[in-house]
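Observations on the three-dimensional arrangement
One-letter residues, chain by chain:
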Amino acid sequence: MKYTGTVYTFGDNVNTDEIIPARYLNTTDPTVLGRYCMEDIRPGFGTRAEKGSIIVAGDNFGCGSSREHAPLSLKYAGIACVVAVSFARIFFRNAINIGLPIIESRDISSKAKEGDTLTVDLDTGRAVVGGEEIAIAPFPPFMQKIVEEGGWLPYLLKTTAH
Amino acid sequence: MTLTEKILAKKAGVKSLTPQEFIEIEPDLALSNDITAPITIDEFEKAGGKNVRCPERVFMIPDHFTPNKDILSAEHYRKLKDFAAKHAGVRFFEQGEVGVEHALLPEMGAIRPGMVVIGADSHTCTYGALGAFSTGVGSTDVAGFLLTGKAWLKVPPTVKAVFTGVMGEWMSGKDLILLLIGKIGVSGAQYRAIEFSGPVIDALSVEGRMTMANMAIEAGGKNGVFVPDTKVAEYLKGRTKEKGDYLAPDADAVYERTVTIDVTGLTPVVACPHLPENVKPARDIMNVRIDQVVIGSCTNGRIEDMRVAAKILKGRKVDPNLRCLVLPATPKIYRQALDEGLFQVFLDAHAVISPPTCGPCLGGHMGILAHGERCVSTTNRNFVGRMGHRESEIYLASPAVAAASAVAGRITDPSELMK
């Protein structure tokens, strides 16, 4: 899996209320969830970010509620993947479960600037931004298997007899 | 092993576990609500799900946007109701029976020591107060449980939080957990278990412990857990006939870190906008004018919280320039507050009493903030836009601080009002 896109930068502790405010959680409509992505901290982001864009954030991205609408909102807004120094744990598992690629990288987070073009290659474990190459740590084998199967349910159905 | 490792090892059927191991387990209970269950149901059906694997372990609790705030919410509500009707055994609660999920399940005896609980709601960590391992997951995780009865977990390292010293008169479990979050930060226990202990914890009520476990997530925690004791056994009497598994950490348990807080001389605190870690003594910010007070939620909507609020509001009136909303978290708490005469106090004080709902906590309904408004709230998050307009502000506090602030019209330390 390889992604190349424009970088949008965010700070530390971007929470799920900011990613998709609860007033839009009375629906699971992809158009609505995509349109209002990041509405309260960056109005218009959900419609402005071009398809394939990459979010680069700081520490504890996705903290707060368990709403799966948060990674779905990012996906529906056209975000190809999210890079952060660290992710809050429920957001992390939700992203893995629904198949939104996420990468933990302090190096990328400190080097990528708003508007840069970032390439992330999960197969080779390499990222390139501003002409500089950065190594990405792979997921643990268990997580890799889930990602390879396309999410938690496909993995579970394949590995569980029922 | 720590308490969390012990509970998980027993459930996984292994002698021991170490942090960072991945395990597939069969949880004892899985819950979801009117926001998260619709995705669970869609994913279950998309994956070809016909029968729910363990329906008697599944709770779908419509508490967030209920009583239904609009047509879309009403459709979600009906989706849960129809699903429960189709899959016998799945528990759904009608209005009049339903309460805020994390107050309702312990109250009805559904949670016991030693259980492993997953919930598509981040505050599922509340049940650690009863010596259970419980953690928030996503809708798809619960869909996986409906299909196979399984879930995946990574064994968390444990942070030990020890509380020592003497509690001041108006100090509460809410102040203790805010003090901890203020000390370690909103990612201070990221991916970790928090095991609470110390003489202050031993003396704290089960409800006070629920308030603390509830906000483990606000420090990034996977779960918050207390060693179940006689207080837990007492709490469960009359709620369940099941015995529960009263586990305790080993003497040689390995903790990643120990944080000790001596509460002697400390006074009630407030978490200022826009992160739960921005903790200050209430008495240091008493000039902040407010427009709304909320007393309720899965954090602080239980009967002890109602009693503390009533103790302060008795014989007083809330400031005429603000609204004070009281939300007993379940119908049982509602009735108890009524029977104890607390509603008389609230009504005399000109507070508004709401039916049980999560409503205002997440900016759903029943108390939304306008541009520039400030709220003192006993809830759990003060993020940008959480309770309404993105330029509104939330100050998190205990029921005592909230009630005192409602009377004063500004943030107030209860001891100032009650002296």
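Residues numbered from 1 in each chain as written. Chains lettered and ligands numbered in written order. Predicted model: local features only at pLDDT ≥ 70, side-chain atom pairs only at ≥ 80, totals over all residues. Heavy atoms only, no water.

**Here's the deal with the nonpolar core**
Counting 111 residues, the largest nonpolar core has M38, I55, F61, L74 and F91 of chain A together with F346 of chain B as its most contacted members. Per-element accounting of this core gives the leading share, seven residues, to helix α14 (residues 399–408) of chain B. Counting the residues that make up this core, at least three belong to each of domain 1 (3–260) and domain 2 (270–418) of chain B. In this view, I55 of chain A contacts Y8, F10, M38, F45, F61, L74, I79, C81, V82 and V83 of chain A; residues no more than four positions away in its chain are not counted. Counting residues in hydrophobic clusters, the runner-up holds 65 residues, among them I111, M215, V263 and L275 of chain B. (Core = buried A, V, L, I, M, F, W, Y, C linked by side-chain atoms within 4.5 Å. Buried < 20%, exposed > 50% of the residue type's maximum accessible area, 1.4 Å probe, protein only. Helix = DSSP H or I, 4+ residues; strand = E, 2+ residues; numbered from the N terminus. Domains from an automatic or database assignment. Contact = heavy atoms within 4.5 Å.)

**Examining the side chain of S53 of chain A**
By the secondary structure assignment, S53 of chain A is in strand β2 (residues 53–57). Polar side-chain contacts of S53 of chain A include one of 2.6 Å to the backbone oxygen of E50 of chain A. (Polar contact = N/O pair within 3.5 Å; in protein donor to acceptor, adjacent residues only side chain to side chain.)

**Section: the environment of I61 of chain B**
Residue and element names in this part refer to chain B. Inspection of the secondary structure puts I61 in strand β3 (residues 58–61). With 27 residues separating them along the chain, I61 and D34 place their C-alpha atoms 6.6 Å apart. In contact with I61, not counting residues within four places along its chain, are S32, N33, D34, F93, V98, G99, E101, L104 and L105.

**A closer look at the domain arrangement of chain B**
Residue and element names in this part refer to chain B. The domains assigned to chain B are domain 1 (3–260) and domain 2 (270–418). Each of domain 1 and domain 2 has a C-alpha centre, and the two are 24 Å apart. Between domain 1 and domain 2, a total of about 3,000 Å² is buried, with carbon and sulfur atoms accounting for 63% of that surface. Broken down residue by residue, the surface that domain 1 buries against domain 2 is led by V100, W170 and E207, which jointly contribute 24%. Applying the counting rule to domain 1 against domain 2 returns one salt bridge. Connecting domain 1 to domain 2 are 23 residue pairs in polar contact (both at pLDDT 80 or more). Looking at the side of domain 1 that touches domain 2, the elements with two or more residues in it are α4 (101–107), α6 (173–184) and α8 (206–214). (Buried area = accessible area lost by both parts, 1.4 Å probe. Salt bridge = Lys/Arg side-chain N within 4 Å of Asp/Glu carboxyl O.)

**Considerations on the environment of E149 of chain A**
Residue and element names in this part refer to chain A. Following the sequence through the fold, E149 ends up in helix α7 (residues 141–149). The residues touching E149, leaving out its near neighbours within four places in the chain, are P154, Y155 and K158. Of note is the side chain of E149, whose polar atom sits 3.1 Å from the side chain of K158.

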